Amino acid sequence: MSKYVGEVPKQYDPKIVEKEVKSLWDQEQTYEAVKKFRAKGPKFYFLDGPPFPSSDTPHIGTSWGKVVKDTVIRYKRSQGFNVRDQPGYDCHGLPIELAIEQKFGIKTKKDIENFGLERFITECRLFAETNSAAMGRAFADLGIWMDWAKPYMTHQDSYVESGWWGVKQASSKGLLEHGQRVVHWCPQDETVLSDYEVVLEYKMLRDPSIYVKFPVEGKGNEFILIWTTTPWTLPSNVAVMVNPDFQYARVRSGNETLILAKERIEAVAKATGRTLELLESFPGTQLDGVTYRSPLETLVPIQLNLKNAHRVVLSKEYVTLEEGTGCVHSAPGHGEEDFEVGVRYGLPVLMLVDDQGKFVPEAGKYAGKPVRSANPEVIDDLKSLGMLFHSEEIEHRSPVCWRCKTPLLIRATDQWLIHIAQKKSAFMKEVDATRWIPDWAGAVQFKNWLEGLKDWVVSRQRFWGTPFPVWICDSCNKQKVIGSKQELLENASSTPDLPTLHVPWVNNVKLQCECGEEMTRVPDVMDVWFDSGGASLACLGYPQNAEESKFWWPADFIVEGRDQITAWFFALLKSGMVTMGKSPYKTVLMHGFALDSEGREMHKSAGDYVTADEVVERFGRDSFRYYVLQSTLWEDLRFSWDAVKQYSGDLSTFWNTFVFAGTYMSLDKFSPRVPLKQLTRSLRPEDRWLLSRMNRTIKEATALMDEYKIHEAVRKLKTFLVEDLSHTYVRFIRRRTWVEKQTRDKLAAYTTLYTALMAALVMLTPITPFLTESVYQHMLRNAEPKHPQSVHMLDWPKSDERWINDSLEEEMKAAKDIISTVAVARMQKSVKQRQPVPKVIVATNSEPVRKALRTYLTLLLDQANTRTLTRTPKGASSKYEDPTRFAKAEFADGTVHVDLKLSKSELAEGLARDAVRRMQQMRKEMDLKVDSYIHAYILAPSAKSANLLKGKRTFIAGEVRAKQLVIDTKKEETDAPYYRKTWQINSESYEFGLCEKTKMDGKSEAKKVEVD
Ligand SMILES: [Zn+2]
Ligand SMILES: [Zn+2]
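Fair warning: this is a prediction, and the values are worked out from it, not measured in the lab.

Paired through backbone hydrogen bonds, the strands of a sheet run either parallel or antiparallel to each other. Taken together, three strands build an open sheet; the order of strands is β13-β9-β14 and the sheet is mixed. Whereas interior strands pair on both sides, the edge strands pair on one side only; in this sheet they are β13 (311-314) and β14 (328-330). This sheet shows a mean twist of 40° between the axes of neighbouring strands, independent of strand direction. Summarising the sheet, strand β9 (residues 239-242) and β13 pair through four bridges and their orientation is parallel.

Pasting the structure below:
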C-alpha cells in the first residue's frame, strides 16, 4: 500500500467509474457510514415532497428534483450537519384508484362495491407499494443518498393516525365544520376536486349561449332578459342578480318589453340581430325585490313551491358589464358567487343534480338525464314556452377532470371543511417569514395565490384514502372525532378486526354513544393534499413520537417544481397553520419544469419523452447530474442531447486534471507533508494567483450554495477547474513538475496544485459524487496523512481571505492576454510555439499590463518562449514595424511585436523541441509508463541539423527520459527491438527510434554514444 498520492486511470469512462463506485459503496456501506459520521452535527431537516407512485419510472423532472435534493443533502453533510433525508410517497388517491379500475374493467363506484372493497383496497395498496419500491430503486441508482430503506408512505397506519390527529386539532380549535359548499365535481369519478386540481386541465368546449326571458310577475308582456351558457342550470334558478350601481333600461322588442342593463343594449341587439328600442332608463336599485316567474315552472313543478325565490337581488361584486345583459340568472346550487349572494338574501339552494351528474326525480321532465346532454331539450322547451329570446353556440375554455377528462360540474354538496379563510393575514405573515428562492416565488406567486384563500374542503367521496375520523350517532346525532388508533379501540363497542386503518375495515368499527346507541363513521375519506400537507409531522410519527419530532420540526428545507406553489407548498402551510399555528418549513426552493427541446411538456404519449435512465445509459449519472445542476434552477429546462454531450465534456476535463496531478505526484512520490505555509517563500506569483483564485472560488461557491443558487455555484466551480486549473495552471507548471530533481520550486508547485485540487474535489462532491469518489479512492485513500473511507466524509473547504489578491488576478488576465497575443503573432508568420525567439516587445500604456510584465516576467518568458521581454509606450514602437523581421498582433490593451531573427542557438533549441515532441508522441504510442527509461536514436537529414541537435542532446535526453541517445546522419544495423518512425520537421525527414531500456539487455545499440 503506497502512502503517496496515487495515479488516476488515464481514461474517464463513466460506466466503469460509476460501477466501481457503486460496488464500493455497497461493500463498505458508505452511505450508512457517512450518516453515522455526521450524526452528532447540528440538525438539518430536509422534507421530501412525496411523488404519486402512479407509475414505476420517475419523470425526468422528478429525477431532476431528486438530484437537487441530493446535492443539498451532500453539501450540508460536508458542512457537518446531521441531515434528515427520509424520502416519501403520496400513496393514496384517485390516480391509483383509477389505475385499479382500469386493470379490472371497473367503471363506476357501484362496480367497486360489487368487486369487493377489501379486494379493491388491497389492490390499491399493492399498486402503490410496488411502484414506490420501483421508483426508490431508480432514484437510488441515480446516486441519490436518501433513506430508501425507510421511506414515509401516506398510507402507513402511523401516517394515517397523524392525519386523524390533525383533524382532531382542527375540531378542538372549532375549525372543523360539516357544511354546504359549492365545489367542482367530477360526475365520472363521483367526487369533489380541489381548486388546485381544477386548474390542472382545460378543454375547449362547445356550449349553448342563450338569451332567456323571465316573465315579470303581474306585468303581462314585460320580461327580465338573462344570458347563460349552462341551460341545464335553469331548472335550479331561484333569483336574478343586478348591480345597484348600473343604469338599467326597459326596451321594446316587437310587442314585448325587456329589462336589461342600459350599457348592454347595443351589444345584445348586435348579438341577437334584434331591434331594441329604448323606452326608459333607471338605476338598478329600482329592480330590488321585483318578482318573476320561473320560465320552466310548468315542467319542473318544484319551482312552484319554492319559498323566498324568483326575485331580483342586488350584487355589486358579481354583476359586470363585460358580457351578458347585466341581469344574471342565479342558481345557488351551481355557482360559488350565486351561493354567496344567496346566503346573504336567505335564498333556497335548489339541488336537482346527483353525484353522477344526472337530474334527480324532483327535476320533473328532466329526471334521470345527464345534465349536459339535457341542454338541447331545455332550449327546445324554452322555445315552445315562448321564453327563448335567442340561441347560438360558443366555444370556451372549461375545466375538465385532470384524470378522466370529463367536463366538471359546479354543484353545492355537503363537505367537511376546515375554516381558514379568515386567517389570510396570518398566512401572509408566515410567507414573509419564510425564505423563498427565488424570492418572487413567495413574495409574488404564493402571495397572489393566497389572496383567494378559502376554507379548506378536506373530504372526498372515494375509498383509497385516509378515512375521515368522524363517527356520528345513529340515534342522537352526536358526533365524535377520533385522533388515534388507540382512541378508536378504546371507544369501540366491540373488538374490531383492523388490519389497516382503511375502509372497509374502519367502517366496521362502531363506537359506543353516551345515549346507549352506536355511532357509525361518516363515509368520506380525506383529500390527499391533507395527507401530504401533514408530511412535516406525519413522517416524524407525530404525535406518538413526540420527543424526536420536537428535535427536528419544523423542516429546514424543501424543494419542488413550480407547480407546487398552488399545491404542496400551500397544503403544508395550511396544515402547519391548523395544527401548530405556524409554517412547517423555513426555506423553500422552487425549480422549473423539464421540457422537451421545443419547450413542450414531456408526456409519455409524445415522441420525444426522455427518462433519466436513458441519459445515464449514454453519458453516465454524473453527466446527468451536472447537466441538470448547471441549468438555472427556477427556469424551465429544455432538454437537449447536444447540451448533455457538451457538458459531459467538462467532466473529462475535470478527470484529466486529476490524471495529470496523480501521474506526476505519484511518480515523484509526493505526499503533502510540508504544509503550504512553510513553502510561502518558494511560491511563484502564478502559485499565489491560483491560491487567490481558489480561496475566492471557495468563498463565492459557499455563499451561493448557502443561498441554494446551486447552478451559479456549479458555474463558478467549472471556471475554476476548467479555466484556472486545467487550461492555465497545469500548463504553467508542466516544466516545473517534469524536472527530475526534488526542488523546493517543484514542491511548491505540487503543494499548490494539491491544495487547489483538494478544494475543488470536495466542492465537486455534491455535484458529481461518483467521479469525485473514484478520483479520491485512486489518488488519496491510501496516501498519507490518513484519509477517511470516502470523499463524502471530507469537510467542505473554508476560504482564507488573506490569500485573495485582486491585483494578482487582474495582472494574470493581462499576462494571459500577452501569451495568447504572442501566439497569434507567431501563427501569422508560421513560427511554431516551440521555436524560441530572441525578443518580444509589448507596446502598451495599460497599468495592469505594465504590472503583469513585472510580476509574471519569468512565467511570460517561458510561456511566450522568448529570450527577452520588454515594454515600450504605445506609439513608440515604429522601429518594430518591419514586417520582414517582426510579427505583430493587437490585443485590447496594446500591441505585441515578436522578433523573428533567430540565432543558431535558438534554431537548435526549436529543432530540439520539435524532436522532443515527436519522441513523446512515440512514447505514448508505445504505451510507456511516464517514468520508464528508453534508449533512442535520431537519424538527421544533414550534418547541419545533426549538429544542431547534438548541441541539445542533454536537453532532449532529459525530456524524453533517454539513458542513451544517438544522433547521426547514418543508420547502423542493430538487433534491438526499436520502435521506428519517420517524421517531417521543417519539410525534412527525420527518423526516430525508441526502445524501452529494459528490452535492450543483450542487444546492440544503434551506435554507442554516451550521454554526458
Ligand atoms: Zn374524473
Ligand atoms: Zn347517541
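Read on for the rest.
Below, the discussion takes up the packing of aromatic side chains. Geometry of an aromatic ring pair is reported as the spacing of the ring centres plus the angle between the planes. Applying the stated rule across the entire model yields 38 aromatic pairs. The interplanar angle of 90° and the centroid separation of 5.1 Å between the aromatic rings of phenylalanine 639 and tryptophan 641 together place this pair among those described as edge-to-face. Residue class for phenylalanine 639 comes out buried when judged on its relative accessible area of 5%. Both rings, one in phenylalanine 660 and one in tyrosine 664, keep their centres 5.0 Å apart while their planes meet at 50°; by these two values the pair is tilted. One end of the pair is phenylalanine 660 and the other is tyrosine 664, both in helix α21 (residues 641-667) and four residues apart, which spans about a single turn. Given the relative accessible area of 7%, phenylalanine 660 is considered buried. Over the ring of phenylalanine 223 we find lysine 213, and its NZ or CZ is 4.9 Å from the ring centre. Stacked on the ring of phenylalanine 770, the Lys or Arg arginine 621 has its end atom at 5.9 Å from the ring centre.

So, on to the nonpolar core. Core analysis: the largest hydrophobic core is formed by 167 residues, its most contacted members being Phe120, Met665, Leu725, Leu753, Met779, Val842 and Tyr856. Look past the residues within four positions of tyrosine 856 in its chain and what remains in contact with it is Pro685, Glu686, Trp689, Leu808, Glu811, Met812 and Ala815. Within the second largest apolar cluster, 57 residues are counted, among which are Leu234, Tyr292, Val312 and Val378.

Following both chains from N to C, one finds α21 and helix α23 (residues 710-738) inclined at 30°, their axes separated by 10 Å at the closest point. Here α21 is positioned roughly parallel relative to α23, judged by the angle of their axes. For the crossing formed where α21 meets α23, the hand is left-handed. Counting all contacts with α21, which are made through Tyr647, Asp650, Thr653, Phe654, Thr657, Phe660 and Tyr664, the residues of α23 involved are Lys718, Leu721, Val722, Leu725, Ser726, Val730, Ile733, Arg734, Thr737 and Trp738. Its residues assigned to classes, the contact of α21 with α23 comprises ten nonpolar, four polar and three charged.

Attention shifts here to the coordination of the zinc ion (ligand 2). Each donor-metal-donor angle would ideally measure 109.5 degrees in four-coordinate tetrahedral geometry, or 90 or 180 degrees in six-coordinate octahedral geometry. In the first shell of the zinc ion (ligand 2), the protein supplies Cys473 (SG), Cys476 (SG), Cys513 (SG) and Cys515 (SG), at 2.2 to 2.3 Å from the metal. Around the zinc ion (ligand 2), the four donor atoms are arranged such that angles at the metal cover 106 to 114°; this shape is classified as tetrahedral. When the donors of the zinc ion (ligand 2) are listed by position in the chain, the intervening gaps give C-x2-C-x36-C-x1-C. Taken together, the residues span a long stretch of sequence, with cysteine 473 in strand β20 (residues 470-473) and cysteine 515 in the loop between β22 (511-512) and β23 (518-521) at a distance of 42 residues. Its relative accessible area of 2% is what places cysteine 473 among the buried residues.

Coordination of the zinc ion (ligand 1) by the protein is provided by Cys186 (SG), Asp189 (OD), Cys401 (SG) and Cys404 (SG), with metal-donor distances spanning 2.0 to 2.3 Å. For cysteine 401, a relative accessible area of 0% puts it in the buried group.

Attention shifts here to the sheet that holds strand β25 (residues 555-561). One open sheet accounts for three strands, arranged β17-β26-β25; its pairing is parallel. Edge positions in the sheet fall to β17 (435-437) and β25, since each has one partner strand and no second. In this sheet, neighbouring strand axes are inclined to one another by 15° on average, regardless of whether the strands run parallel or antiparallel. Inspection of the sheet shows β25 paired to strand β26 (residues 585-591) by six bridges, in the parallel sense. Paired with alanine 555 across the two strands is tyrosine 585, which belongs to β26.

A word on helix α27 (residues 847-855). The α-helix advances 3.6 residues per turn, and as a result positions three or four apart in sequence lie on the same side. All of the buried residues along α27 are Val849, Ala852 and Leu853. Down the axis of α27, the buried side of the element spans an arc of 100°, and every buried residue falls inside it. Where the residues of α27 are buried, they touch α26 (806-828), β29 (837-844), α28 (857-864), β30 (866-872) and β31 (886-891). Between the side-chain oxygen at the start of α27 and the backbone nitrogen of valine 849 there is a gap of 3.2 Å, and the oxygen is on serine 846.

The rules we used
Residues numbered from 1 in each chain as written. Chains lettered and ligands numbered in written order. Predicted model: local features only at pLDDT ≥ 70, side-chain atom pairs only at ≥ 80, totals over all residues. Heavy atoms only, no water. Pairing = 2+ DSSP bridges. Helix = DSSP H or I, 4+ residues; strand = E, 2+ residues; numbered from the N terminus. Axes fitted to C-alpha atoms, helices over the stretch in contact; angles between N-to-C directions. Phe/Tyr/Trp six-rings, centres within 6.5 Å; stacked < 30°, edge-to-face > 60°. Buried < 20%, exposed > 50% of the residue type's maximum accessible area, 1.4 Å probe, protein only. Lys NZ or Arg CZ within 6 Å of the ring centre and 35° of its normal. Core = buried A, V, L, I, M, F, W, Y, C linked by side-chain atoms within 4.5 Å. Contact = heavy atoms within 4.5 Å. Parallel < 35°, antiparallel > 145°, perpendicular 65-115°, else oblique. Left-handed = near helix turned anticlockwise from the far one by under 90°. Nonpolar A, V, L, I, M, F, W, Y, C, P; charged D, E, K, R; others polar. Donors = N, O, S within 2.8 Å, 3.2 Å for Na, K, Ca; no water. Tetrahedral: all angles 85-135°; square planar, octahedral: opposite > 155°, others 65-115°. Arc of directions from axis to C-beta. Polar contact = N/O pair within 3.5 Å; in protein donor to acceptor, adjacent residues only side chain to side chain.

Interpretation note: all reported values are geometric properties and have no functional meaning in isolation.
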